[in-house]
Amino acid sequence: MTAGIDFGLAIAAELFGEAIAQGIQLGIEYNPQPPFNSGSPQTAPAAVLAQVTAASHNLQEIRRQIVQRVVTQLQTTI
């Protein structure tokens, strides 16, 4: 399994750049002898950590808005 993840990260680095691949690695917290040393917030480069944190925050905000719309719809139908 890890060989597949390593390969996927290597392809992502070739297609989209090393910073994107490192962001993916951090996002899945993949850290067993990885091709990049960014599998945890403690080892990820500051720029990659900031990018993933910002993206995560944006996703959390989108999810919060979706939940709020669902709650509002449920309140109007109950």
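Above this text sits the structure in question.
Presented here is an overview of the structure given in this document. Source: prediction; values computed, not measured.

## What about a nonpolar patch on the surface?
On the surface, Phe7, Ile11, Leu15, Phe16, Ile20, Ile24 and Ile28 cluster together into a nonpolar patch covering about 700 Å² of accessible area. When contributions to the nonpolar patch are tallied by element, the ones reaching two or more residues are α1 (2-16) and α2 (18-27). Among the elements that line the nonpolar patch, the one with the most residues is α1, at 4 residues. As for its position among the elements, Ile11 is in helix α1. Ile11 gets classed as partly exposed once you look at its relative accessible area, which sits at 34%.

## Thoughts on the pattern of salt bridges
Counted under the stated rule, the structure contains 1 salt bridge. Two residues, Glu61 and Arg64, come together in a salt bridge whose shortest N-O distance is 2.7 Å. Pair noted here: Glu61 and Arg64 are both in helix α3 (residues 46-77), with a separation of 3 residues, about one helical turn. On the basis of relative accessibility, which here comes to 27%, the residue Glu61 falls in the partly exposed class. In this structure Arg64 comes out as partly exposed when scored by relative accessible area, which is 47%.

Rules behind the numbers
- Residues numbered from 1 in each chain as written.
- Predicted model: local features only at pLDDT ≥ 70, side-chain atom pairs only at ≥ 80, totals over all residues.
- Heavy atoms only, no water.
- Patch = residues over 30% accessible without salt bridge, like charges linked within 9 Å, V, L, I, M, F, W, Y side chains within 5 Å.
- Areas by Shrake-Rupley, 256 points an atom, 1.4 Å probe, with all protein chains shown as cover.
- Salt bridge = Lys/Arg side-chain N within 4 Å of Asp/Glu carboxyl O.
- Helix = DSSP H or I, 4+ residues; strand = E, 2+ residues; numbered from the N terminus.
- Buried < 20%, exposed > 50% of the residue type's maximum accessible area, 1.4 Å probe, protein only.

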